[in-house]
Amino acid sequence: MNAFRKLSLVPIVVMWLARVLQAAQPATITVQADRPAHQIPQSLWGIFFEEINRAGDGGLYAEMILNRSFEDSDKPEGWELIKSGDADGDISIDTTHPLNEHNGRALKLTIRRRGDGRLGVANQGFKGMAVRGGEPYILTLQACADDGYQGPLAVSLETRDGSQVLASGITRALARRWEQSQVILTPRQTSHDTRLVISPTAARGTVWLDMVSLFPTNTFKNRPNGLRADLAQFLLELQPAFVRFPGGCWVEGERMELAYRWKQTIGELSQRRNHRNIWGYYSTHGLGFHEYLQLCEDLGAQPLFVINCGMAHRDHVPMEQMLPYVQDALDAIEYANGPPDSQWGSLRARAGHPQPFNLKYIQIGNENGGPLYHERYALFYDAIKAKYPDVKIIANFWAGGRPTNRPVEILDEHYYSSAAFFLRNASRYDSYDRGGPKIYVGEFAVTQGAGTGNLRAAVAEAAFMTGIERNSDVVIMASYAPLLAHVSYKAWNPDLIYFDASRVYGTPSYYVQKLFADNRGQVLLPTDVQQTLNPPQPKGAIGVGAWLTQAEYKDIKVQREGQTLFESDFTRGIEGWTIDRGQWEASDGLLRQTGNPRGGIAFAGDPGWSDYTLSLKARKLGGAEGFLILFHVGDARNYTWWNIGGWGNTRHGIEQFADGANNGRIGDSVNGSIETGRWYDVQVQVQGAKVRCYLDGTLIHEATYQAPRTLFATASRDDGQIILKVVNAANQPQPVAISLQGLTSIDPVGSITVLTSENATDENSFDQPTRVAPVQRQLDGIAERFTCDFPANSVNVVRIKGASK
Ligand code: AHR
């Protein structure tokens, strides 16, 4: 017996040793420095500016007054009446004195009595107005008066509570017709909580105001009607190769009447259309088509204009009425590139830019797809190519696939998903058809489990970007989205750059974008990454759930090797079950979900369980989908579910969730749906990393958890230097054996820039703007073969000087 025991231990020890040795083997990265592959397109890393989150109005566009033209509402939104002493009067929005046909509303200030007090209107900007002491600000306004009003208006910059006047001035005396006044206000001190106050000087009468604008003189490149210098500087530091603008869904609009039309955004400011943005606010178009082109030029970036293709989110233009939309595209190109004596080029010249802007890319629509899109794409394609064959056309890749009725030069793909998705998709482009269209990844970001922009998200995006760089013979452009967000007007999470009236900071993702932009190579070097991955050992409790569906469950049992680990008993209601979302109740031996949650779950049991069979009966009561059967449940944010009748009750698939984010599927999904009112037998068997799922006794899935790759690398050459980008997405540091092949000489001293932090969930903030930011240091001991330790959750750029054969 003893001898048998000893003997039987041998294979176990051998297996254990093999495992330890395997685990201890460092990963390797091999760079073939003497075998340059393709040239990396210099267009690769750009930015996508969308008017979302008040990125433009209230953000990059330096206008400091909210609702300057009073077009936002029937109420004086953003404006308040100031009254003190025995002053008496009121304000309202008035349509009887329009400034022009585009500016139907004005602010009417009725002064019944000024008396010994003060009457006026105040604006506090976009949830805060900041001024810097000693810097001049230009106040411009249109005003007229009646009912006996005589004299100018008093204007001042004050602290928000009015306790201190920072700067003051007087406009010209008002007339009965609209006239413009301009006053320079130079605050004596810096204030982050400021208001502009406009007060009548006359004792009584009526005053109308319109186009009340306050601009810093210190704008980016000192341009009038320009951009906030601090925000533009953040963009400049990304050295974008291109700027895609102005959206996004903003270009599409909810309906065509609210779609973005560039011709409504040029010329004199008060003539531009003010219209409601799909992201919930009004756009002045002060940052109009011309200003976008100017921004591109000032950033040294190629303009990439997204034009509405006659399709909005909820409606579209009939084909026979498409001509003006196609003409818009031709005219946009003429405005940007045409000679100063051309119809549209002359408007550009009149706006102060006789030289062409060299618009090279035009994108036909945003996220439009299907037959409606394809036929419209063809209209644009034919018209643009006939007149401007050199302008590159970008097509959408959206529902219904890409257009096939006309050539596609560049295809725009968008990805918003979990960190796991981006890690998995780091190899996505390895298999793309080299004879197909070039790819532009126009929008991408980790949006699940990303906090408001954390390190984990940034690391996963960096891993994905190594795949883009490696495949930059196919993927020629990429841009993160969205770019900018005012923290008080967020319509999307996360975003790359956050700001308020006076402050700005970049997320860890910002620093990833910057790292890649700062370290563009010219030629790609073939790079091989080898990593030994231990098979995953999933474990956890069990549960049930529902997605937009009402369902009930009974006879829930967990067994292991003939032994019952758990058996449902609802005599004491849902006691012992943990609920997350949904409306759950238990009675008559049934657990029932009657709400309409997106993924409401109820789970029970031991999070340490492994190797078991879960069986139960399930019945759909109503709703859009089928059942969610949970296993390997760690807690409410970490679990795996078998989604039966998911995807609108069309498919079954196994999905894994980590930290609340969908980590993707285990194995393939299959067609299938669930009937209402019928009891189904469900069984899930888990054995180590293997999962088998049965529905009514039929095996539906046999799948295995895969250990996700955690090491990603790409290398390039630039001016005698090798740039090696390494991403470690693991929660532990990884020592990596690096082999540089084909170099005749290597400088042992190089540099390494590391982006990391203590925890994957760490973020930057106004208080700690560079908590997660790259740090550069010298790297010694570089040789043909050397080992480098890459910290947990890190993005690394190693620069090596060396000559190749
Ligand atoms: O980037 C935010 C939005 O995401 C864009 O408007 C749209 O194109 C996408 O769906």
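Our structure is the block above this text.
Residues numbered from 1 in each chain as written. Predicted model: local features only at pLDDT ≥ 70, side-chain atom pairs only at ≥ 80, totals over all residues. Heavy atoms only, no water.

Caption draft 1: Representation of the packing of helix α5 (residues 323–337) against helix α7 (residues 370–387). Relative orientation of the contacting elements α5 and α7 amounts to 35°, with a least axis distance of 9 Å. Crossing geometry of α5 relative to α7 is assigned as right-handed. On α7, the residues touching Y325, V326, A329, L330, I333 and E334 of α5 are L379, F380, A383, I384 and K387. Residue composition of the contact of α5 with α7, by class: 9 nonpolar, no polar and 2 charged. (Axes fitted to C-alpha atoms, helices over the stretch in contact; angles between N-to-C directions. Helix = DSSP H or I, 4+ residues; strand = E, 2+ residues; numbered from the N terminus. Left-handed = near helix turned anticlockwise from the far one by under 90°. Contact = heavy atoms within 4.5 Å. Nonpolar A, V, L, I, M, F, W, Y, C, P; charged D, E, K, R; others polar.)

Caption draft 2: Spotlight on unusual backbone geometry. The amide bond that connects F245 to the next residue, P246, takes the cis arrangement and shows omega of -5°. By the element assignment, P246 lies in the loop between β13 (242–245) and α3 (249–252). The residue N358 is not glycine, and still its phi comes out positive at about 60°. Tracing the backbone shows N358 in the loop between α6 (343–350) and β17 (361–364).

Caption draft 3: Representation of the sheet that holds strand β24 (residues 504–506) in the model. Read from one edge of the open sheet, 3 strands run β22-β23-β24, paired in mixed fashion. Each edge of the open sheet carries a strand with a single partner, namely β22 (484–486) and β24. Here the strands of the sheet are splayed against their neighbours by 20° on average, with no regard to which way each runs. Where strand β23 (residues 497–499) lies against β24, 3 bridges are found, and the strand directions are antiparallel. Pairing of I497 across the sheet is with G506, part of β24. Lying over the sheet, helix α2 (residues 229–236) contacts β23 and β24, oriented at roughly 15° with respect to β24. (Pairing = 2+ DSSP bridges.)

Caption draft 4: Local environment of the site of the ligand. Within the structure, the ligand sits among E50, G248, C249, W279, N366, E367, Y416, E443, A481, P482 and W492. At a separation of 2.5 Å, an oxygen atom of the ligand approaches a polar side-chain atom of E50. At 2.7 Å from an oxygen atom of the ligand is found a side-chain nitrogen or oxygen belonging to E443. Expressed as a share of its isolated accessible area of 290 Å², the protein-covered part of the ligand is 94%. Per-class residue counts for the shell around the ligand are 6 nonpolar, 2 polar and 3 charged. (Near = heavy atom within 4 Å. Polar contact = N/O pair within 3.5 Å; in protein donor to acceptor, adjacent residues only side chain to side chain. Areas by Shrake-Rupley, 256 points an atom, 1.4 Å probe, with all protein chains shown as cover.)

Caption draft 5: The pattern of salt bridges, seen in detail. Inspection of every chain in the model, using the stated rule, returns 41 salt bridges. In this structure, E375 and R376 form a salt bridge, with 3.4 Å as the shortest nitrogen-oxygen distance. Of the charged contacts in the structure, one is a salt bridge between D382 and R406, with a shortest N-O distance of 2.7 Å. Taken together, the positions of D382 in helix α7 and R406 in the loop between β18 (392–396) and β19 (410–418) put the pair 24 residues apart, joining distant regions of the chain. (Salt bridge = Lys/Arg side-chain N within 4 Å of Asp/Glu carboxyl O.)

Caption draft 6: Geometry of the nonpolar core. One finds W262, F305, I362, I364, F380, I384 and V441 to be the most contacted residues of the largest nonpolar core, which totals 112 residues. In terms of nonpolar packing, the next biggest core, distinct from the first, is built from 37 residues, A551, F566, F627 and V684 among them. (Core = buried A, V, L, I, M, F, W, Y, C linked by side-chain atoms within 4.5 Å. Buried < 20%, exposed > 50% of the residue type's maximum accessible area, 1.4 Å probe, protein only.)

Caption draft 7: Region of the structure containing the packing of aromatic side chains. Enumeration according to the criterion identifies 41 aromatic pairs in this entry. The interplanar angle of 80° and the centroid separation of 5.3 Å between the aromatic rings of F421 and F422 together place this pair among those described as edge-to-face. Each member of the pair F421 and F422 is classed as buried. Between W609 and Y612, the aromatic rings sit 5.9 Å apart at their centres with planes inclined by 70°, giving edge-to-face as the arrangement. Exposure remark for W609: the relative accessible area of 9% places this residue in the buried category. A network of ring pairs unites the aromatic residues F49, F245, W262, F289, Y292, F305, Y335 and W344 as a single cluster. Over the aromatic face of Y489 sits the side chain of R54, whose NZ or CZ is 4.8 Å from the ring centroid. The lysine or arginine in question, K127, covers the ring of Y489, its NZ or CZ lying 4.6 Å from the ring centre. (Phe/Tyr/Trp six-rings, centres within 6.5 Å; stacked < 30°, edge-to-face > 60°. Lys NZ or Arg CZ within 6 Å of the ring centre and 35° of its normal.)

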